[in-house]
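Residue-level structure breakdown
Given next are the chains, with one letter for each unit.
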Amino acid sequence: MKDDERVREILQSMQKAGSNTLQVISDFDMTLTRFEHNGKRCPDCYNILERSNVISSDCKEKLQELLDKYYPIEIDTKRSVEEKMPLMVEWWTKAHELLVNQKIKKDRLAEAVKDSEAKLRDGYQYFFDHLNEHSIPLLIFSAGIGDILEEVIRQTEVFHPNVKVISNYMDFDESGVLKAFKGELIHIYNKKEGALLNTGHFQELRTRTNVLLLGDSLGDLNMADGVQDMKNILKIGFLNDKVEERKQSYLDSYDIVLIKHETLGVPNAVIRFLTDSN
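Basis of the calculations
Residues numbered from 1 in each chain as written. Predicted model: local features only at pLDDT ≥ 70, side-chain atom pairs only at ≥ 80, totals over all residues. Heavy atoms only, no water. UniProt positions renumbered as here; feature names shortened; annotations may be inferred. Core = buried A, V, L, I, M, F, W, Y, C linked by side-chain atoms within 4.5 Å. Buried < 20%, exposed > 50% of the residue type's maximum accessible area, 1.4 Å probe, protein only. Helix = DSSP H or I, 4+ residues; strand = E, 2+ residues; numbered from the N terminus. Contact = heavy atoms within 4.5 Å. Axes fitted to C-alpha atoms, helices over the stretch in contact; angles between N-to-C directions. Parallel < 35°, antiparallel > 145°, perpendicular 65-115°, else oblique. Nonpolar A, V, L, I, M, F, W, Y, C, P; charged D, E, K, R; others polar. Phe/Tyr/Trp six-rings, centres within 6.5 Å; stacked < 30°, edge-to-face > 60°. Lys NZ or Arg CZ within 6 Å of the ring centre and 35° of its normal.

As named in an unreviewed UniProt entry, the chain is 5'-nucleotidase, taken from Oreochromis aureus. Per UniProt, the chain has the following entry under Function (unreviewed entry): "Specifically hydrolyzes 7-methylguanosine monophosphate (m(7)GMP) to 7-methylguanosine and inorganic phosphate. The specific activity for m(7)GMP may protect cells against undesired salvage of m(7)GMP and its incorporation into nucleic acids. Also has weak activity for CMP. UMP and purine nucleotides are poor substrates."

See below:
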């Protein structure tokens, strides 16, 4: 924490207001899911497909080439967000085109998730269950693939009624074959626009003026931009990779930074503090 006194003040103000004023907004890949397990990198939504039998080896190679080219740009501290934006659009658009050309069948997505090594962070059960028990809305805001994301939380049995997802969703034809992706593209640096496009969601929650935000990239900081009349926001950032070169920018942007930390222990402690006193 760069300013632990400020964190204490935000927490006390949020606790005083009561948990019925709280909403949680979280990224998914590498925030709610693990970055590593037993020294091995865990898959994100795209990797789940990439490592499955649902797509061809040629498509896998091309997706890997895109990752090798664009991921270093995504995390490059020397480039501005403005410079990265068109390149991220380029990356996501090319990846989506490759996937659409694979004519993926909808009924094979569950199998791809089941066979994958995707893992929610330790403590996920408490996180999802406790928010649901206290009727606290959880918005998962992801630049990944909504269909895959939903399947991950469905298979871990934590897809509760309080969960809403904003993400890139697949569009299937009447025979269940992928033909396109729906709506506006969500990539890592345009979550602000995504938030403003979904003002209806935030309008419904206008009495929930306190926000707990969880992310793993600087692009995630804009996920709450659609929140109406916000009183307090506590931002917790997971710094998973390239720690030394990115640490300062995370400390400048997030209230709490968790370095190479594979559990939801800190968010869970915050949620417990904000609900147990009500």
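1. Let's talk about the nonpolar core
Ranked by size, the top nonpolar core spans 86 residues in total, and within it Leu 49, Leu 99, Phe 127, Phe 128 and Ile 140 carry the most contacts. Element by element, the count of residues in this core is highest for helix 4 (residues 81–101), at 7 residues. With sequence-adjacent residues up to four places away left out, Phe 128 is seen in contact with Leu 32, Leu 120, Leu 138, Ile 140, Ile 153, Val 158, His 160 and Val 163.

2. Digging into the environment of Val 211
Mapping Val 211 onto the fold places it in strand 8 (residues 210–215). For the pair formed by Val 211 and Ile 25, sequence separation is 186 residues and the distance between their alpha carbons is 7.1 Å. Residues contacting Val 211, with those up to four places away along its chain left out, are Met 14, Leu 22, Gln 23, Ile 25, Ala 224, Val 227, Met 230, Asn 232, Ile 233 and Leu 234.

3. Points about the packing of helix 1 (residues 4–17) against helix 11 (residues 265–276)
Two elements in contact, helix 1 and helix 11, have axes whose closest approach is 8 Å; the angle formed by their N-to-C orientations is 40°. Overall, the two elements helix 1 and helix 11 adopt an arrangement that is oblique. Between helix 1 and helix 11, the residues in contact are Leu 11, Met 14 and Gln 15 and Val 270, Phe 273 and Leu 274, respectively. Considering only residue class, the contact of helix 1 with helix 11 consists of 5 nonpolar, 1 polar and no charged.

4. Focus on the packing of aromatic side chains
For the structure shown, the criterion picks out 4 aromatic pairs. Summarising the aromatic geometry, the rings of Phe 127 and Phe 128 are spaced 5.5 Å apart at their centres and angled 85° between planes, so their arrangement reads as edge-to-face. Residue classification places Phe 128 among the buried residues on the basis of a relative accessible area of 1%. One aromatic cluster in this structure is built from Tyr 70, Trp 91 and Trp 92. Its end group placed over the ring of Tyr 126, Arg 272 keeps NZ or CZ at 4.7 Å from the ring centre.

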